[in-house]
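Residues per chain, in single letters:
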Amino acid sequence: MDTEKDLPLNYEATFDVAVVGAGPAGLAAGFACAEAGLRTTVVGPHADARDGRTAALLDGSINLLKRLGVWERVASASTPLRAIRLVDATGALVRAPEVVFEASEIGLPAFGYNIPNATLTSAFEAVSHPRLTRLVDPKATVSDLAGTHAVLSTSTGLAIKARLLVAADGRESPTRTSAGIRTSSWSYPQTAIVTTFAHSRPHRGVSTELHRPQGPLTVVPGPGNTSNLVWVEAPGEAERLVALDDESFNRELTAHVGALLGVLSDLMPRRAFPLSGRTASVLGQSRVVLVGEAAHVIPPIGAQGLNLGFRDAATIAEVADEAMRAGEDIGGEQVLSNYDHLRRGDVAFRIFAVDLLNRSLLSSVPGIHLARGFGLFALATSRRLRARVMREGIMPSIGDLSFMRPLHRSGEIPAARP
């Protein structure tokens, strides 16, 4: 992408779209808007190359990466997710059957791919687009939202004008605050432990989710014989586990997943963070739309977080492009309202589903566990129901995004608007 070089302190430029925030969701939004024909800038610092997290990106998100020319740069470092196994480990009197969702049941080689965050952001940084300018700056603040253009000021004194601002600057988003958009937050009595480890048995592309009374314990396939762990526990127990030496933590983890993955080794440093959620009251206001964690924060359950952010990115690119073609103001109230309408249902449903699953595990009411068990039994015994759940999981029926459809057989990407 085009990057600024020796710009003067009084530099001023006008764009159609300015994206604030240069994480995966922000970069995806910037590239999608540029591919749609909009003159776009992405403002934010370089990503942390030491970021050890991974993202399980589902089929629609992979299609987006292919359309943006990023997939070929991350494919070799990505691990296919060919199946998802749900295991009832609640210890309930009546145990629900194990459920295995296989991508082949719905005609896909994989549900998606597990990709290291650092690899993903590096790939975006390495791709160029004639309509995209990348401004590397640690902080950009909104100085005006009242006129026909929003105005950003960078820490180095640059002034950036754009008809539409895309806030992709994280869960505490200063851009969202400047637009006067309120949020609702909630927390869970749980902490997630994340790490990566090696194992002696192959994972065969199967992601396993153990449903336990304290919350899910999930292992997601990584390169070779490695897996990424998201272990949800009560805060006190999580603190104890993180404080253990590697040998002791290995024993604790082996008690849960050793039967599936064999001998565990090569534990990476462990990190822990409290589980919480947040949603914005409106997803567009005052020339600003929200994407990624600026719009919604969701617990790391069910591989929904960044996939939601990528659908945000694809949606605003398509909505803004349609407005531009119609000669409308791409930062006007109609565009902001359309974006909010198109994204609201998907975001609300995913938050509801993840919240319901998590709270059903925490609940002490026997009827709730019985209902969850019946649900798993239905999924285990009905191929048609499994297929419906799988299709909705990887690509919601709410909205149809051209950026997230499979490419044509020829591999060619339809030309963007001149």
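The coordinates are above.
Since this is a predicted model, take the numbers as computed values, not measurements.

Quick notes on the rules
Residues numbered from 1 in each chain as written. Predicted model: local features only at pLDDT ≥ 70, side-chain atom pairs only at ≥ 80, totals over all residues. Heavy atoms only, no water. Helix = DSSP H or I, 4+ residues; strand = E, 2+ residues; numbered from the N terminus. Buried < 20%, exposed > 50% of the residue type's maximum accessible area, 1.4 Å probe, protein only. Contact = heavy atoms within 4.5 Å. Areas by Shrake-Rupley, 256 points an atom, 1.4 Å probe, with all protein chains shown as cover. Salt bridge = Lys/Arg side-chain N within 4 Å of Asp/Glu carboxyl O. Axes fitted to C-alpha atoms, helices over the stretch in contact; angles between N-to-C directions. Parallel < 35°, antiparallel > 145°, perpendicular 65-115°, else oblique. Left-handed = near helix turned anticlockwise from the far one by under 90°. Core = buried A, V, L, I, M, F, W, Y, C linked by side-chain atoms within 4.5 Å. Phe/Tyr/Trp six-rings, centres within 6.5 Å; stacked < 30°, edge-to-face > 60°. Lys NZ or Arg CZ within 6 Å of the ring centre and 35° of its normal. Pairing = 2+ DSSP bridges.

A. Fine view of the overall build of the protein chain. What the protein chain contains, in helices and strands, is 11 helices and 21 strands. A buried classification covers 53% of the 418 residues belonging to the protein chain. Considering only contacts within the protein chain whose residues lie at least 6 apart along the sequence, 75% involve residues at least 24 apart. If you sum the accessible surface of the protein chain, you get close to 18400 Å²; carbon and sulfur atoms cover 55% of it.

B. Layout of the pattern of salt bridges. The tally for this structure, following the rule as stated, stands at 17 salt bridges. Linking R85 and E98 is a salt bridge whose minimum nitrogen-to-oxygen distance equals 3.5 Å. Of this pair, R85 sits in strand β6 (residues 83-88) while E98 is found in the loop between β6 and β7 (99-102), placing the two residues 13 residues apart along the sequence. Across the pair D312 and R343 runs a salt bridge whose closest N-O atoms are separated by 2.6 Å. Residue D312 is found in helix α8 (residues 305-325), and its partner R343 is found in helix α9 (residues 333-362); the two are separated by 31 residues along the sequence. When salt bridges with common partners are traced through the structure, they connect R311, D312, R343, D346 and R350 into a single cluster.

C. The arrangement of the packing of helix α1 (residues 24-35) against helix α4 (residues 117-126) in detail. Contact geometry for α1 and α4: axes closest at 10 Å, N-to-C directions at 30°. In terms of orientation, α1 lies roughly parallel with respect to α4. Of the two possible hands of crossing, α1 and α4 adopt the one that is left-handed. Between α1, through P24, L27, A28 and F31, and α4, the contact on the second element is made entirely by L120, T121 and F124.

D. Structural detail: the nonpolar core. In this structure, L65 and F124 are the most contacted members of the largest nonpolar core, which totals 73 residues. Examining the composition of this core, we find that nine residues originate from one element, α8, more than from any other. Sequence-distant contacts of L65, that is, excluding residues within four places in its chain, are made with L57, V70, W71, I115, L120, F124 and F310. I193, A238, L253 and L267 belong to the second-largest nonpolar core, a separate cluster that totals 17 residues.

E. Just the packing of aromatic side chains, in detail. Under the defined criterion, the tally for this structure stands at three aromatic pairs. Positioned over the ring face of F15 is R39, at 4.5 Å from the centre of the ring. The residue whose ring lies beneath R270 is F249, and the NZ or CZ to ring-centre distance is 4.3 Å.

F. Focus on the pairing of strand β11 (residues 150-154). Buried residues dominate β11, accounting for four of its five residues. In this structure, strand β10 (residues 140-144) lies alongside β11, joined through four bridges in antiparallel fashion. Each residue of the ladder has a partner; that of V142, found in β11, is L152. Once β10 ends, the chain turns through five residues before running back antiparallel as β11. Judged from the four bridges that link them, β11 and strand β12 (residues 159-167) form a sheet pairing that is antiparallel.

G. Highlighting the environment of I181. As for its placement among the helices and strands, I181 is situated in the loop between α5 (174-178) and β13 (183-199). Separated by 109 residues in the primary sequence, I181 and L290 have C-alpha atoms spaced 9.5 Å apart. Beyond its immediate sequence surroundings of up to four residues, I181 is in contact with R176, A280, S281, V282, G284, Q285 and L290.

H. Broad picture of the sheet that holds strand β4 (residues 54-58). With antiparallel pairing, the three strands of this open sheet are ordered in space as β4-β8-β5. Whereas interior strands pair on both sides, the edge strands pair on one side only; in this sheet they are β4 and β5 (79-81). Strand after strand, the sheet turns through a mean of 30° between neighbouring axes, direction not considered. Bridge analysis of β4 against strand β8 (residues 112-116) gives five bridges, and the strand direction is antiparallel. Each bridged residue has a counterpart across the sheet, and for T54 the counterpart in β8 is P116.

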